[in-house]
Amino acid sequence: MGNIFSISLSLDPINTRCSDCATGQASYICNLEDNLHALQAEVAGLKELRSDLMSRVRIAEDEQQLKRLNQVEGWLSRAETLINDADQLIVQSPQHVESLCMGGCCFTHPRSSIKFGKQIAKKLQEVKDQKENGDFSDVASKPPLPSATERPSEPTVGLESNFNKVWSCLQKEQVGISGIYGLGGVGKTTLLNQINNKFHDTTHDYHVIWAVASQDRPIERVQDQIAERIGLSNEGWKSKSLDEKAEDIFKVLCKKKFALLLDDIWEWFDLTRAGLPLPTQENGSKVIFTTRRLDVCCQMQPNMDNNIRVECLPPGEAFKMFEKKVGSETLRMHPDICKLAEAVVEECAGLPLALITIGRAMASKKTLREWEYAIEVLRQSAASVLPGVGKEMYPKLKFSYDCLPDERFRSCFLYCSLYPEDHLIEKDELVYCWIGEGLLDEHTTLSSARNQGHFIIGSLIDACLLEKNDNYRVKMHDVIRDMALWIAGESEKEKFFVKSGVQLKEQPKAKKWEEVTRMSLMGNQIENLTEILECPKLQTLFLGWNDLKVIMDDFFNFMPMLWVLDLSHNMKLEELPVGIAKLVSLEHLNLSFTGIRKLPVELKTLAKLKYLNLDWTRNLEMIPQQLISSFSKLQVLKMERCGYGCLLVLEEMEHLKYLNVLTLTFKSASELEKASRFNKFFSRAIEVVCLEDSRDSRSLNIMALAKLQHLCILRLSSCRDLEEMKIERNIIEGAGCFHSLRTVSLVECNHLRDVSWVTFAPHLKVLVIMDCEGLEEIISEEKLGEVAELKGNSNLFSKLEILYLWGLPKLKTIYQHALPFPQLKEIYIRRCPMLKKLPLNSNSAKGQRLVIEGYEAWWKDVEWEDESTKNAFLPSFRPP
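Quantities reported herein were computed from a predicted structural model and do not represent experimental measurements.

### Some points on the overall build of the chain
Scanning the chain from terminus to terminus reveals 28 helices and 32 strands. Across the chain, contacts joining residues at least 24 apart in sequence account for 65% of those joining residues at least 6 apart. Of the roughly 42100 Å² of accessible surface on the chain, a fraction of 48% belongs to carbon and sulfur atoms.

### Let's talk about the sheet that holds strand S5 (residues 177-181)
Taken together, five strands build an open sheet; the order of strands is S6-S7-S8-S5-S9 and the sheet is parallel. For this open sheet the edge positions go to strand S6 (207-212) and strand S9 (307-309), each flanked by a neighbour on one side alone. Looking at each pair of strands side by side, their axes are set apart by 15 degrees on average, direction ignored.

### Remarks on the packing of aromatic side chains
On inspection of all chains with the given rule, the structure shows 17 aromatic pairs. Look at Phe409 and Phe455: their rings are 6.4 Å apart centre to centre, the planes differ by 80 degrees, and that puts the pair in the edge-to-face class. Of this pair, Phe409 sits in helix H18 (residues 407-415) while Phe455 sits in helix H20 (residues 446-462), and the two are 46 residues apart along the sequence. With relative accessibility at 7%, the residue Phe409 sits in the buried group. Using a relative accessible area of 55% as the deciding quantity, one classes Phe455 as exposed. Taken together, Phe163, Trp167, Phe199 and Tyr206 form an aromatic cluster joined through their ring pairs. For Lys198, the ring lying beneath its charged end belongs to Trp167, and the centroid distance is 5.8 Å. Taking NZ or CZ as reference, Lys257 lies 4.6 Å from the ring centre of Tyr206, over its face.

### Quick look at the pattern of salt bridges
Under the counting rule described, the total for this entry stands at 31 salt bridges. When the shortest N-O distance is used, the salt bridge between Lys131 and Glu42 registers 2.9 Å. Placement of the pair is Lys131 in helix H5 (residues 110-132) and Glu42 in helix H3 (residues 32-63), with a sequence separation of 89 residues. A salt bridge links Glu692 to Arg618; its shortest N-O distance comes to 2.9 Å.

### Observations concerning empty space enclosed by the protein
Per the counting criterion, the structure on display carries three cavities of 30 Å³ or more. By volume, the largest cavity amounts to about 70 Å³. Together, Tyr432, Ile435, Gly436, Leu446, Glu587, His588, Lys610, Tyr611, Gln635 and Val636 line the largest cavity. When residues in the lining of the largest cavity are grouped by element, the largest group, three residues, is from helix H19 (residues 427-437).

### So, the nonpolar core
Grouped together as the largest cluster of nonpolar side chains are 109 residues, with contacts concentrated most on Leu565, Phe738 and Ile778. In this structure Phe738 touches Ile702, Met703, Leu705, Ala706, Leu711, Trp757, Phe760, Ala761 and Pro762, once residues within four positions along its chain are discounted. Grouped together as the second largest cluster of nonpolar side chains are 46 residues, Phe199, Val212, Ile288 and Ile337 included.

### Here we look at the sheet that holds strand S11 (residues 467-468)
Taken in spatial order, the three strands line up as S10-S12-S11 in an open sheet, and their pairing is antiparallel. The strands lining the two open edges of the sheet, one partner per strand, are strand S10 (425-426) and S11. Note that S10 and strand S12 (residues 473-475) share two bridges and pair antiparallel. In the strand pairing of S12, Glu426 is matched with Arg473.

### Notes on a negative patch on the surface
Together, Glu673, Asp696, Asp721, Glu723 and Glu724 give the surface a local cluster of negative charge. Of note, Glu723 is situated in the loop between strand S25 (713-717) and strand S26 (724-726).

### Some thoughts on the environment of Lys836
Examined against the element boundaries, Lys836 turns out to sit in the loop between strand S30 (826-830) and strand S31 (850-854). For the pair Lys836 and Lys812, spaced 24 residues apart in sequence, the C-alpha separation works out to 6.9 Å. Of the polar contacts made by the side chain of Lys836, one reaches the backbone oxygen of Pro833; its length is 3.3 Å.

### Things to note about the pairing of strand S27 (residues 743-747)
When you tally the buried positions in S27, you get four out of five residues, the bulk of the element. When S25 meets S27, the two strands line up parallel, connected through five bridges. Looking across to S27, one finds that Ile713 is bridged to Thr743. Two elements, S27 and strand S28 (residues 766-770), share five bridges in a ladder whose sense is parallel.

### Remarks on H20
Between the first and last C-alpha of H20 there are 24 Å, a value that for 17 residues agrees with the 24 Å anticipated at 1.5 Å per step. Taken as a whole, H20 has its buried residues at Leu446, Ala449, Arg450, Gln452, Gly453, Ile456, Ile457, Ser459 and Leu460.

### Points about the state of the cysteines
The term disulfide refers to a covalent linkage connecting the sulfur atoms of a pair of cysteines. All chains considered together, the criterion is met by zero disulfides. For the unlinked cysteine Cys646, the closest cysteine sulfur is that of Cys642, found at 6.0 Å. Free of any disulfide, Cys749 has its nearest neighbouring cysteine sulfur in Cys719, separated by 4.7 Å.

### Considerations on the side chain of Asn570
Along the chain, Asn570 turns up in the loop between strand S18 (564-566) and strand S19 (588-590). Here Leu543 takes part through its backbone oxygen, which lies 3.2 Å from a polar atom of the side chain of Asn570. Side-chain polar atoms of Asn570 contact the backbone nitrogen of Leu548, separated by 3.1 Å. Those residues in contact with Asn570, other than ones at most four positions away along the chain, are Leu543, Gly544, Trp545, Asn546, Asp547, Leu548, Phe593, Thr594 and Gly595.

### Some details on unusual backbone geometry
A positive phi angle, close to 60 degrees, is found at Trp545, a residue other than glycine. Position of Trp545 relative to the elements: it lies in the loop between strand S16 (540-542) and strand S17 (550-551). Taking relative accessible area as the criterion, Trp545 reaches 39% and is therefore assigned partly exposed. If you check the backbone angles, Asp771 has positive phi at about 50 degrees while not being a glycine. Checked against the element boundaries, Asp771 lands in the loop between S28 and helix H26 (781-785). With a relative accessible area of 23%, Asp771 lands in the partly exposed category.

Here is what the cut-offs are and how they apply
Residues numbered from 1 in each chain as written. Predicted model: local features only at pLDDT ≥ 70, side-chain atom pairs only at ≥ 80, totals over all residues. Heavy atoms only, no water. Helix = DSSP H or I, 4+ residues; strand = E, 2+ residues; numbered from the N terminus. Contact = heavy atoms within 4.5 Å. Areas by Shrake-Rupley, 256 points an atom, 1.4 Å probe, with all protein chains shown as cover. Pairing = 2+ DSSP bridges. Axes fitted to C-alpha atoms, helices over the stretch in contact; angles between N-to-C directions. Phe/Tyr/Trp six-rings, centres within 6.5 Å; stacked < 30°, edge-to-face > 60°. Buried < 20%, exposed > 50% of the residue type's maximum accessible area, 1.4 Å probe, protein only. Lys NZ or Arg CZ within 6 Å of the ring centre and 35° of its normal. Salt bridge = Lys/Arg side-chain N within 4 Å of Asp/Glu carboxyl O. 1 Å grid on protein atoms, 1.4 Å probe; cavity = no way out; pocket = protein on both sides within 12 Å on 5 of 7 lines; lining within 4 Å. Points joined across faces, edges and corners; volume = space filled by probe spheres on them. Core = buried A, V, L, I, M, F, W, Y, C linked by side-chain atoms within 4.5 Å. Patch = residues over 30% accessible without salt bridge, like charges linked within 9 Å, V, L, I, M, F, W, Y side chains within 5 Å. Lys, Arg positive; Asp, Glu negative; His and termini not counted. Charge placed at Lys NZ, Arg CZ, Asp CG, Glu CD. Polar contact = N/O pair within 3.5 Å; in protein donor to acceptor, adjacent residues only side chain to side chain. Expected span 1.5 Å × (residues − 1). Disulfide = S-S within 2.5 Å.

Below is the structure:
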């Protein structure tokens, strides 16, 4: 009995805790494990729901260009927060669960246990509620259009008072329509630009619409611009009638307070017929228009108090504008030049366009005699001008024309007026037309003639008679174009008939066809040419950009002197008339972008043909044998994206001893390899190579093309099996084999991983890569290292101006190291989610601010060499 001992154990705490399980509060402890398991399952479901919703949102944003709904954005944000909070609680849960005892109904720390259990239960209910609210029938919608779109503008001189007058009119409730009128080139469009940008920079409730209604342009043109601005333009829009378009426009605008900025009207514009609700005090809408004609201004707005006349600049402000263009350094070259400059300004009569044009023309004139001659020419010009423009204008503007070096330059300038108003003229095609017309000097080589043509274009740009649009295109200001047509109309040597871009639906009529030397019917809606034109002196005929379907066989019968014929951009034209054989003098034939299915054998009579353009003739199925070889004087043959196999005519081309320019498309790598055997003209003539829809090879020896001395453009499209573009060192004679290559375009080459070979194109200006899903890097440092001469090459992309990257989901790097990119102007980056670093340094583009287009979220994640590099660039974001 001595070993008997007693134990005293108090069960009161346990009894208390167990009894607490029966209460509502302690149930948080008892249900903790079950709630944790339920929370984990619900969070997993919420993550799946969020992922599915994000996939729908990405498709809507990236592919359909929609904007996610605010409620969807809010739900995703709340879901993200809930998931993070729940995951944090789940991470903390083990230490609480391990403290459970008595089957989960007791806890060593009751107060903290109950608190934690409450959090779990509450979060479980929140996650359930979030899931229930995650069912969206629509996740995105069209983004709202901005109230006003900013337009490019330059600093102005002397328009402040006019701007204040117009803006003041807009503030008057009783004024719905206001007119801005004055001479052509006086600054009306510039003033309207300022009004537009004022809308852009201020808060208001207007929906601002910019539209241009040029001379001889119908209401449809303005309707189309309005439709584009208010979101009506789609595939079916073009097929609608004028009245149907008007009805659609009215339905939208009658519910809006709009401000229509209507530029350059030449006659009374029927707002109602265009579908515009007339501005009233009740609807608050406004129409502001510009015109050169006072009578039109009165017809649109009879109350002249609400119209603003833009006057020419007074002498002081006119001289300021002239000095800005001519340069103060030029004015200081001789003590008397400044006085002569004042006389030039006086002759310009304060007309801004004349001040700008002549000011730039005189910027390079540094001697007193040049300025004295300028005054003499300006004062002696007394020619009349076209009605509605003013007698003061053309004689002044014509000074730039008169100062061109010789008659050859002047004829080339007048030739540009054949193109429609605002038409972007391709410089190469313009030069080829000049060559076909015989406007240039006799040259031993085509290359020399082309160089002269581009030199003349540069001189015309310098004289402000042409405007540079980009590296490849120019345009002619409408006033300058009118002046050119006026000059041509006054000429006894050359007679122009120009009805381009005036919406003609039928073949026009004229009384004296026999005197016409150049004719342009470009940019109309003519379908049939069924009347014979007797034009014995006609040298150039432009019929491009129409809806041509039928050209009668005898149409060309009486044009024995025709040298240049342009039928391009007539996709409905499927057959050429056999009568084209009568054009025995023809040297230039442009059939690009037509629906031609076969070339008639009768073309063999065109023995003088030097230029034949078959680019983008997708439907061309047949070229008669020996037809191409019959053009013994052919210098230019273009067959890019031509439906007829290039390989079939290559053998014929070998006999064309004058062939200098060749553009070709191949459907397979094997075709390209076979073609490379035609060394003679492959090396001397090819400027453009396109490889598309190739499925026969996984690799392409890109260096085999290095022998093409004049290759300017290389396009690879839909080569979906292509994995590698090989660089074989043994055929490389020196770094930089593609000396002439300026543009490279790669589209839908899904298995391509890099394009390191472009390092052998030292003068590359444009690099476009789109929808290459497997591309991981642009330049592989590993592959670059295999070529000793290029390792550490700091001249990579030294000439690149435009880099366009789109739809490259695996792209991680452009190049591992930062480069100066001294010529870079624009970078476009879209849908490249893995690209997080740009190879740019603070010296890129010589410190100029670049435009980098991409997603704002992507931009925030981009890594930079340093802060100064980042600040050197100006991002421009577009809605996805």
